[in-house]
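Fold and geometry: a report
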Amino acid sequence: MTIRVGVIGTGMIGADHVTRLTTQVVGAAVTAVFDVATERAQQVATTANATARPSWEALVGADDVDAVVIASPGPLHPDQAIACIGAGKPVLCEKPLAATSSEALRVLAAEVAAGRRSVQLGFMRRYDAGYLDVKAAMADGTIGEPLLAHAIHRNATVPDFFRGEMSLTDSLVHEFDIFRWLFDAEVAAVTVLPVKASPLAAEGMRDPQVAILQMAGGEVVTVESFVNCQYGYDVRCEIVGSLGTVSLDNPRTTVVIAGGRRSENVPADWQSRFAPAYTRELQGWIDGLAAGVVGGPSTWDGYAATAIAEAAVTSYAKGERVAVRLVDKPALYTD
Ligand code: NAP
């Protein structure tokens, strides 16, 4: 059985997803793409032996599209996801689910009204071998009771359109999701601390930043966000437990010892660091669809991460701790 996929948005990650679905994932074929950048869409369509469609609505409604990947800019995700839910088509929606929690709740309400899960969020870290090992060590008692965590999220540089809030809403949204998943708990409050700005930060951009997450169970997570660190892509964390710690480092690379120095490479970007996780994410999604199941990170997870990001933006603006308030969790997401 081949799942026929339509991809909305053929920019950086949309084009990557098309390539993966076409060349690495078993049981999928990309039949349709759409992008407002029509030339880019046509180029990507040609590489996948697919066709570019005149609008995202036409793609969602097409008879030769069984499932949809949404890889357009974040604010467009709610309308596109709701259209997929309405058409009865499962969707892998890139993060963030929405720009605001009220927009995220629109998607949640549409899915709850439909009575079944259609949406999987693109929180691919949950498919990364390193994070899976960390979760296992937290669950099996190796480090005793997990108490706190320290995390680092650094990008060498970011595009010109990237502004201060986006390091919270677009980058740290991954951390917000992964620590909810690792601790199996919601975030109760977030505080964003001002840090002396790097002289290389874009004008008006506060970079780096530190966020403190207080989990509902009392655990605390400190997260550094530094999106112009210059030297590479560096995502790490350490969980501190009552008996020990478990750390996630960069994937093992060659170590060179020469001339009195010991050195190893740092990943250049998120594409290389998380490549296997993206493939596992897509393969898991397709395998689930073939079995009639939508699993993985849910619309609830997307809503919760957006609500934390929103609280973080408020904290950033006001310079104070902000509580994260979520609506009651619908039964659809309680398993
Ligand atoms: P990108 O390179 O800017 O690609 C987005 C594409 O969508 C662009 O080609 C853009 O065209 C197009 N677009 C604009 N309006 C559209 C519309 N109405 N319908 C369809 N396409 C439209 O951005 P990206 O980095 O690929 O990011 C896309 C999404 O994926 C974002 O939500 C981002 O946060 C997420 N993402 C997730 C990860 C991850 O690790 N999971 C990594 C990267 C990105 P124009 O350029 O002409 O506007």
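Our subject is the structure that appears above.
Computed from a predicted model, the values in this text were never measured in an experiment. (Residues numbered from 1 in each chain as written. Predicted model: local features only at pLDDT ≥ 70, side-chain atom pairs only at ≥ 80, totals over all residues. Heavy atoms only, no water.)

1. Overview of the sheet that holds strand E15 (residues 322-323)
Strand order in this open sheet of seven strands is E12-E11-E7-E10-E9-E8-E15, and the pairing throughout is mixed. This sheet does not close on itself; its edge strands, each paired only once, are strand E12 (245-248) and E15. Here strand E7 (residues 146-154) pairs with strand E11 (residues 234-241) via eight bridges, running antiparallel. Bridge pairing in E11 links Ala-149 to Ile-239. Those strands touched by helix H7 (residues 164-171) are E7, strand E8 (187-194), strand E9 (209-215) and strand E10 (220-226), and its axis lies near 40° from that of E9. Contacts between helix H8 (residues 173-183) and the sheet are confined to E7, E8, E9, E10 and E11, with E7 contributing the most and set at about 155° to the helix. (Pairing = 2+ DSSP bridges. Helix = DSSP H or I, 4+ residues; strand = E, 2+ residues; numbered from the N terminus. Contact = heavy atoms within 4.5 Å. Axes fitted to C-alpha atoms, helices over the stretch in contact; angles between N-to-C directions.)

2. Quick notes on the nonpolar core
Ranked by internal contacts, the top residues of the largest apolar core, which has 76 residues, are Tyr-131, Phe-179, Leu-182, Phe-183, Leu-213 and Ile-239. Here this core takes eleven residues from helix H11 (residues 299-318), the largest share from any one element. Apart from the residues lying within four places of it in its own chain, the contact partners of Leu-182 are Tyr-131, Val-134, Lys-135, Met-138 and Ile-239. Of all hydrophobic cores here, the second largest spans 22 residues; its members include Val-7, Val-18, Val-30 and Ala-45. (Core = buried A, V, L, I, M, F, W, Y, C linked by side-chain atoms within 4.5 Å. Buried < 20%, exposed > 50% of the residue type's maximum accessible area, 1.4 Å probe, protein only.)

3. Here we look at helix H6 (residues 129-139)
What H6 keeps buried is the set Tyr-131, Val-134, Ala-137 and Met-138. The arc that holds the buried residues of H6, viewed along the axis, is 120°, so those residues lie on one side. Opposite the buried face of H6, at more than 90 degrees from it, the exposed residues are Asp-133 and Ala-139. Each element contacted by the buried residues of H6 is listed here: E7, H8, E11 and E12. The opening residue of H6, the one whose side-chain oxygen lies 3.1 Å from the backbone nitrogen of Gly-130, is Asp-128. Gly-141, located one to two residues past H6, shows a positive phi value of around 85°. (Arc of directions from axis to C-beta. Polar contact = N/O pair within 3.5 Å; in protein donor to acceptor, adjacent residues only side chain to side chain.)

4. Examining the layout of surface pockets
Computed from the structure, the largest pocket encloses a volume of approximately 1300 Å³. Lining the largest pocket are 47 residues, with Met-12, Ile-13, Lys-95, Phe-161 and Asp-170 positioned closest to its centre. When residues of the lining of the largest pocket are traced back to their parent elements, those giving at least two are helix H1 (12-23), helix H4 (77-86), H7 and helix H9 (270-273). Of the residues forming the lining of the largest pocket, the biggest block, five residues, is contributed by H7. The class makeup of the residues in the lining of the largest pocket is 24 nonpolar, 15 polar and eight charged. Roughly 360 Å³ of volume is contained in the second largest pocket. Taken together, 19 residues line the second largest pocket, and the ones lying closest to its centre are Ser-298, Asp-301, Lys-329, Tyr-333 and Asp-335. For the lining of the second largest pocket, the elements supplying multiple residues, two or more each, are H8 and H11. By residue number, the principal contributor to the lining of the second largest pocket is H8, which donates three residues. (1 Å grid on protein atoms, 1.4 Å probe; cavity = no way out; pocket = protein on both sides within 12 Å on 5 of 7 lines; lining within 4 Å. Points joined across faces, edges and corners; volume = space filled by probe spheres on them. Nonpolar A, V, L, I, M, F, W, Y, C, P; charged D, E, K, R; others polar.)

5. Quick look at the site of the ligand
The full set close to the ligand counts 26 residues, and Asp-35, Arg-40, Glu-94, Lys-95 and Tyr-278 are the nearest of them. Arg-40 is positioned such that a nitrogen or oxygen atom in its side chain is 2.3 Å from an oxygen atom of the ligand. Taking Asp-170, its side chain carries an N or O atom lying 3.4 Å from an oxygen atom of the ligand. Burial of the ligand by the protein amounts to 78% of the accessible area it has alone, namely 900 Å². When grouped by side-chain class, the residues that make up the shell around the ligand number 13 nonpolar, eight polar and five charged. (Near = heavy atom within 4 Å. Areas by Shrake-Rupley, 256 points an atom, 1.4 Å probe, with all protein chains shown as cover.)

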